[in-house]
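Here is how the chains run, residue by residue.
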Amino acid sequence: MREPDRRLLWGRAAGRCSICNTPLSQGATEAGDLDTPIADEAHIVGAKPGSARFRTLSDLERDGYENRILLCPSDHRLIDRQPEAWPEERLRQVKGEHEAKMRRRTDDADATEPFPVFRPEPFEMPPLYSGKAIADVIGGAGLHQFEYDDPKNADQRDATRAFITAASDWMDVWDVIGTDGRFDVDENMNDLNTDLHAVGLVAFGAQTSVKVDFWGSESRMQLAAIWIRRIDLIAEEERSGAEPPPPSGDGVAE
Ligand SMILES: [Zn+2]
């Protein structure tokens, strides 16, 4: 493949497998091994007669960006062993959706249109009592939805803002922080959660799968939903017997 094509392929896929989204590099090891890309620049239309999805193309077409899809080795094996399940059109669609998703996630958040999220299936949002529980909600989610009760004073507002900002920041860097970094998330969110409790607030949350519409093509993503509630309002609702409003997942989540 020519170098400009290779750069396009890697850049647009954000260095991730177009099927399973796994980052395609293995970090440097303590034993001294270098950071290494573990990826296949797979052919969509096979390179040789008899190979998966083969049809005659010019050399330039066959080896260029248009006919390649960036994959992890196991998904490369899968598409070549099961070409009936992975025809050319499906691979082009998967590649296009993956690139669109990566572009969306790396664009400046202020400069992009929000994209619609379908209403998720009803889901429980239990109280989050530890940093670990909060990390489990935000970890690996591609979308978030943060709600909060109207703060009744400046302390509540500050604690809410600090909590939501940190949760959002950790989500953004989740994929690159590694195992060690996850302990930092636990610790940081645990501290911020303690601050919430100190001012009469409690965080509820869950991670759930939602259908997302990317310009007409549907896919599924993980949504981290967190709702910071005032303890006095919860108590009032319990006294009056009112059902708290269900967490809503419609509208825009990011
Ligand atoms: Zn993969």
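Scroll up for the structure.
Predicted model, so just to flag it, every value in this text is computed and none were measured.

> Just checking my understanding: could you explain helix α3 (residues 73-81) for this structure?
Note on helix geometry: an α-helix contains 3.6 residues per turn, so any two residues three or four positions apart are oriented the same way. For α3, the set of buried residues is Asp75, His76 and Ile79. Each buried residue of α3 lies within a common arc of 105° when the element is viewed along its axis, so the set occupies one face.

> Would you mind going over the nonpolar core with me for this structure?
Residues Ile138, Phe163, Val185, Met189, Ile226 and Ile228 are the most contacted members of the largest nonpolar core, which totals 25 residues. Those elements that provide at least two residues to this core are α5 (131-138), α6 (154-198), β6 (201-214) and β7 (217-230). Element by element, the count of residues in this core is highest for α6, at 13 residues. Within the second largest apolar cluster, 15 residues are counted, among which are Ala13, Leu71, Leu91 and Val94.

> Would you explain unusual backbone geometry in this entry?
Glycine aside, residues mostly have negative phi, and peptide bonds are mostly found in the trans state. Within the chain, Ala14 stands out as a residue other than glycine whose phi angle is a positive 55°. The topology assignment puts Ala14 in the loop between α1 (3-12) and β1 (25-26).

> Would you mind showing me how to read the coordination of the zinc ion here?
By definition of the ideal shapes, a tetrahedral metal site with four donors has angles of 109.5 degrees and an octahedral site with six donors has angles of 90 or 180 degrees. For the zinc ion, the full set of protein donor atoms is Cys17 (SG), Cys20 (SG), Cys72 (SG) and Asp75 (OD), at a range of 2.0 to 2.3 Å. Between the four donor atoms coordinating the zinc ion, the angles at the centre fall across 104 to 117°, so the site counts as tetrahedral. One chain supplies every donor for the zinc ion, spaced along it as C-x2-C-x51-C-x2-D. A residue pair is termed long-range when its members are at least 10 positions apart, and Cys20 in the loop between α1 and β1 and Cys72 in the loop between β4 (68-71) and α3 qualify at 52 residues.

> Sorry if this is basic, but what is going on with the packing of α5 against α6 here?
The relative placement of two packed helices comes down to the angle between their axes together with the axis-to-axis distance. Close contact between α5 and α6 brings their axes to 11 Å; oriented N to C, the two are set at 125°. Classified by the interaxial angle, the pair formed by α5 and α6 is oblique. Between α5 and α6, the residues in contact are Gly131, Lys132, Ile134, Ala135 and Ile138 and Phe163, Ala167, Trp170, Met171, Trp174, Val185, Asp186, Met189, Asn190 and Asn193, respectively. Classifying every residue of the contact of α5 with α6 gives ten nonpolar, three polar and two charged.

> Would you take a moment to explain the packing of aromatic side chains for this structure?
The geometry of an aromatic ring pair comes down to the distance between the two centres and the angle between the two planes. Under the definition given, this model contains zero aromatic pairs. The positively charged end of Arg90 is found above the aromatic ring belonging to Trp86, 3.6 Å away from the centroid. Here the basic side chain of Lys95 rests over the ring of Tyr65, its NZ or CZ set 3.9 Å away from the ring centre.

> Sorry, what's going on with the environment of Gly131 here?
As for its position among the elements, Gly131 is in helix α5. Owing to a relative accessible area of 2%, Gly131 belongs among the buried residues under this scheme. Counting along the chain gives 62 residues from Gly131 to Asn193, while the straight-line C-alpha distance between them is 7.2 Å. Those residues within four positions of Gly131 in sequence are excluded, and the remaining contacts are Asp186, Met189 and Asn190.

> What is the right way to look at the pattern of salt bridges in this model?
If the charged atoms of two oppositely charged side chains come close together, the side chains can form a pair. Going through the model one piece at a time under the given rule, you end up with 15 salt bridges. Arg53 serves as the salt-bridge partner of Asp80, at 2.8 Å between the closest nitrogen and oxygen. On the criterion of sequence distance, the pair formed by Asp80 in helix α3 and Arg53 in the loop between β3 (40-43) and α2 (59-63) is long-range, its members being 27 residues apart. Asp80 sits in the partly exposed class, given a relative accessible area of 35%. When its relative accessible area of 13% is taken as the criterion, Arg53 is described as buried. With a closest N to O distance of 3.0 Å, Asp136 and Lys132 form a salt bridge. Separated by four residues within a single helix, Asp136 and Lys132 lie in helix α5, roughly one turn from each other. A relative accessible area of 46% places Lys132 in the partly exposed class. Three or more residues joined by partner-sharing salt bridges are found here, namely Glu3, Arg6 and Glu41.

Rules of the game
Residues numbered from 1 in each chain as written. Predicted model: local features only at pLDDT ≥ 70, side-chain atom pairs only at ≥ 80, totals over all residues. Heavy atoms only, no water. Buried < 20%, exposed > 50% of the residue type's maximum accessible area, 1.4 Å probe, protein only. Helix = DSSP H or I, 4+ residues; strand = E, 2+ residues; numbered from the N terminus. Arc of directions from axis to C-beta. Core = buried A, V, L, I, M, F, W, Y, C linked by side-chain atoms within 4.5 Å. Donors = N, O, S within 2.8 Å, 3.2 Å for Na, K, Ca; no water. Tetrahedral: all angles 85-135°; square planar, octahedral: opposite > 155°, others 65-115°. Axes fitted to C-alpha atoms, helices over the stretch in contact; angles between N-to-C directions. Parallel < 35°, antiparallel > 145°, perpendicular 65-115°, else oblique. Contact = heavy atoms within 4.5 Å. Nonpolar A, V, L, I, M, F, W, Y, C, P; charged D, E, K, R; others polar. Phe/Tyr/Trp six-rings, centres within 6.5 Å; stacked < 30°, edge-to-face > 60°. Lys NZ or Arg CZ within 6 Å of the ring centre and 35° of its normal. Salt bridge = Lys/Arg side-chain N within 4 Å of Asp/Glu carboxyl O.

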